[in-house]
Each structure stands twice: as structure tokens, then as C-alpha cells.
Amino acid sequence: VRAWHRDGLRVALVPTMGNLHSGHVRLIEIARAHAERCVASIFVNPTQFGPSEDFARYPRTPREDERKLADAGCDLVFMPEVAELYPHGGEGATRIEVPGLSGILDGEFRPGHFAGVATVVSMLFHIVEPDIAIFGEKDYQQLTVIRRMVADLCMPVEIVGAPTVRAPDGLALSSRNQYLTESERALAPTLYATLEQAAKRLRSGDTDIGGIEREGMQALEKAGFRPEYVSVRQAADLAAPAPGTRELVVLVAARLGKARLIDNLQVTRP
Ligand code: PAF
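Cut-offs and rules
Residues numbered from 1 in each chain as written. Predicted model: local features only at pLDDT ≥ 70, side-chain atom pairs only at ≥ 80, totals over all residues. Heavy atoms only, no water. Near = heavy atom within 4 Å. Polar contact = N/O pair within 3.5 Å; in protein donor to acceptor, adjacent residues only side chain to side chain. Areas by Shrake-Rupley, 256 points an atom, 1.4 Å probe, with all protein chains shown as cover. Nonpolar A, V, L, I, M, F, W, Y, C, P; charged D, E, K, R; others polar. pLDDT = per-residue confidence, 0-100. Helix = DSSP H or I, 4+ residues; strand = E, 2+ residues; numbered from the N terminus. Expected span 1.5 Å × (residues − 1). Buried < 20%, exposed > 50% of the residue type's maximum accessible area, 1.4 Å probe, protein only. Pairing = 2+ DSSP bridges. Axes fitted to C-alpha atoms, helices over the stretch in contact; angles between N-to-C directions. Contact = heavy atoms within 4.5 Å. Core = buried A, V, L, I, M, F, W, Y, C linked by side-chain atoms within 4.5 Å. Parallel < 35°, antiparallel > 145°, perpendicular 65-115°, else oblique. Left-handed = near helix turned anticlockwise from the far one by under 90°.

Visitor: It is not clear to me how the site of the ligand should be interpreted in this structure. Could you clarify?
Guide: Every residue close to the ligand is listed here: Pro15, Thr16, Met17, Asn45, Gln48, Val120, Phe135, Asp139 and Gln142. For the ligand, an oxygen atom lies 2.6 Å from a polar atom in the side chain of Gln48. At a separation of 2.7 Å, an oxygen atom of the ligand approaches a polar side-chain atom of Gln142. Protein contacts shield 88% of the accessible area of the ligand, which totals 290 Å² for the unbound molecule. Residue composition of the shell around the ligand, grouped by class: four nonpolar, four polar and one charged.

Visitor: Even after reading the chapter, I still don't get the confidence of the model for the chain, so can you show me in this structure?
Guide: Caution applies to low-pLDDT parts of the model: their predicted coordinates are not meant to be read in detail. Here the chain shows a mean pLDDT of 98. Residues at 70 or above account for 100%. When mean pLDDT is compared element by element in the chain, strand 1 (residues 11-16) scores highest at 99, while helix 4 (residues 82-85) scores lowest at 97.

Visitor: Can you walk me through helix 7 (residues 140-152) in this structure?
Guide: An α-helical segment advances 3.6 residues per turn. Residues three or four places apart therefore align on the same side. The end-to-end C-alpha distance of helix 7 is 18 Å, a good match for the 18 Å that 13 residues give at a rise of 1.5 Å each. Of the positions making up helix 7, those classed as buried are Tyr140, Gln141, Gln142, Leu143, Thr144, Val145, Ile146, Met149 and Val150. In the stretch just after helix 7, Cys154 is the one whose phi turns positive, near 50°.

Visitor: Which parts of the structure should I look at to understand the sheet that holds strand 5 (residues 158-162)?
Guide: By way of backbone hydrogen bonds, the strands of a sheet pair with one another, either parallel or antiparallel. Strand order in the open sheet made by the five strands is 3-2-1-4-5, with parallel pairing throughout. Both outer strands of the open sheet, strand 3 (76-78) and strand 5, are each paired with one neighbouring strand and no more. Within this sheet the neighbouring strands show an average axis-to-axis angle of 25°, counted without direction. Alignment of strand 1 against strand 4 (residues 132-136), held across two bridges, turns out to be parallel. Residue pairing for strand 4: Leu13 is matched across the bridge by Ala133. Lying over the sheet, helix 2 (residues 22-34) contacts strand 1, strand 2 (37-42), strand 4 and strand 5, oriented at roughly 150° with respect to strand 4. The sheet strands contacting helix 7 are strand 4 and strand 5, and the helix crosses strand 5 at an angle near 170°.

Visitor: Looking at this structure, how should I read the sheet that holds strand 7 (residues 247-256)?
Guide: Pairing is antiparallel across the open sheet formed by three strands, whose spatial order is 6-7-8. Two strands close off the open sheet at either side, each with one partner strand: strand 6 (226-234) and strand 8 (259-268). Strand-to-strand twist across the sheet, computed as the mean angle between neighbouring axes with direction ignored, equals 10°. The pairing of strand 7 with strand 8 spans ten bridges and is classified as antiparallel. Residue pairing across strands places Arg255 opposite Arg260, the latter belonging to strand 8. Against the sheet, helix 9 (residues 190-203) contacts strand 6, strand 7 and strand 8, and its axis sits at roughly 25° relative to strand 8. Across the face of the sheet, helix 10 (residues 209-223) comes into contact with strand 6 and strand 7 while running at roughly 155° to strand 6.

Visitor: Just checking my understanding: could you explain unusual backbone geometry for this structure?
Guide: Residues apart from glycine generally show negative phi values, whereas peptide bonds are mostly found in trans. Positive phi outside glycine occurs at Leu105, with the angle close to 50°. Note on Leu105: relative accessible area 4%, which makes it buried. Located in the positive-phi region is Leu238, a residue other than glycine, with phi close to 60°. Assignment of secondary structure puts Leu238 in the loop between strand 6 and strand 7. Using a relative accessible area of 1% as the deciding quantity, one classes Leu238 as buried.

Visitor: Mind showing me how you'd approach the nonpolar core here?
Guide: When a protein is soluble and globular, its nonpolar side chains tend to lie buried together. Counting residues in each nonpolar core, the largest one holds 38 residues, and the members touching the most others are Val121, Phe125, Phe135, Ile146, Met149 and Ile159. Counting residues per element, the ones that place at least two in this core are strand 1, helix 6 (113-128), strand 4, helix 7 and strand 7. In this structure, Met17, Ala198, Ile212 and Val232 belong to the second largest nonpolar core, which totals 29 residues.

Visitor: Even after reading the chapter, I still don't get the packing of helix 6 against helix 7, so can you show me in this structure?
Guide: How two helices sit against one another is set out by the angle between their axes and by the gap between those axes. Interaxial distance between helix 6 and helix 7 falls to 10 Å at its minimum, and their mutual angle equals 55°. Put simply, helix 6 runs oblique to helix 7. Between helix 6 and helix 7 lies a crossing of right-handed hand. Here Phe114, Val117, Ala118, Val121, Ser122 and Phe125 of helix 6 lie close against helix 7, whose contacting residues are Gln141, Gln142, Val145, Ile146, Met149 and Val150. Grouping the constituent residues of the contact of helix 6 with helix 7 by class yields nine nonpolar, three polar and no charged.

Here it is as C-alpha cells:
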């Protein structure tokens, strides 16, 4: 990477946990459009998983991933072992907290998750030294946390958000969709339909945020999900919407069978 920088080439990083799908391939394409060289990292980061979460069973497909990255035109893959990034273990490792943003929404249901994400992303930035890094908008809160960390700690990396890639029925692509049974997969697009219904109300000028969130929760429960939250927030900082704020985002997290699914939709209100 340093040789590339010496040659004046711009370098993009796409951090991933592997098990790549077409959403990740899109991130590589966006990286290549922004920079002359593209690096992808594959690392299932233990510190962003809670003790009862799916770290052990998270799908790992390194050989297929390498092939997909090569086909997508990625120049370099960084695939460290856990002991390389956490030589003294994850527990006692130095951590980056983004207070405020880390404890709300997903942070409420996954304590410590965003500290794990911010810490590993900061390590990847220090190791790879990219000029720019691409993150999917599917993980909207993660993207917001990373933008804030980069701004607060003056990290010299430009952060680019990439639109969510969806299946034709609206379900956002995610490695965790594999946990769904056939019948659950058929139900799963209800998540996106719920977001669209909330967005429709907001676009029509409806200001009953509580009512919109309650309607979303009820629709998901009725369809057989175990929803954790449906929440309307300001797109810029995930705060509760002030009356004059037009740029909003509706975020949802819900369990369906063994899967925990998240999604979001950005909305501009009149
Ligand atoms: O979005 C992901 O895949 C992960 O949270 C990331 C950003 C690679 C950090 O482990």
C-alpha cells in the first residue's frame, strides 16, 4: 500500500467479515470508482459479538470470497487471524467508544457491539492506511458511528456510504439471511414493506412519529417477527427528529426464527 501511495495512487478499503454476496461486490465496484487501488479485509471480529451471539457459527467461506474479490477487481485481500489483531485477547484490548451513538437502537440490544466495530475499523485503518473506506448503508448506525469516530479522532480517511443492495422482493442482502428457513425467507420482505409504509406516512407529511413506530412494530408482530425496534430518527445523527428536520431514516431490527435482521430506509419529508 505504501508503494502505491508513493506512486501517487489513491487506495480504497472495503472492510468485511467475509461470506461475500453481491452487496459486497457492489462495495468493491464503488471502491474502484473512487480509487486506483482497492483493498478488502476479511475478519470476523470477535469483539463486536455478544457472548450469546453467532460468532462461532458466522459463515466463513474464505476461498470463495477470494475468488469473488479477484473477479470483482480487488487488488489485495487482508485476512488476519484473531491472534494477530488481538494478541492479548479481545477482552482487555484498548477500545474506542463513540458515546451517545453506541448505546442507542442496536447498541441497546447489543451492548458493546459498536465499541467492537469502532475498535476494529480503527485498527484496519491504521494497518491498511487507506485514503477512503466504503461501508454499506444497510448498517446505517454502524456507518454513523464510523463517521463520528473518524471526525472526532481526525482520522485521515474519507468515508463513503453505499446504497443497500436488495433481493427483487425487497429483502436487504445479508450473510445472516442464510439462517432463515424457506418459510421465514418468504416472510422476510415484510421488514422492507414495513419501512416503506413508515416512509410513505412521513413523505405524506404525517408527524405522528410515535404512531408510525407503533404501526411498524404491530405489523411485524402480526407477520410473525419478534421486533426489537422500529424507530424514526434524524439521518445525520440518529437523534429523535426535531420538527424542522427533513432528512430522516427509519430503522428496524427484528428477529425471525434464528436470524436477527436489520434494515433501514432514508426519507426526505416535505
Ligand atoms: O459490517 C461489517 O461487516 C463489520 O461490522 C465490519 C465493518 C467489517 C467491522 O468488523
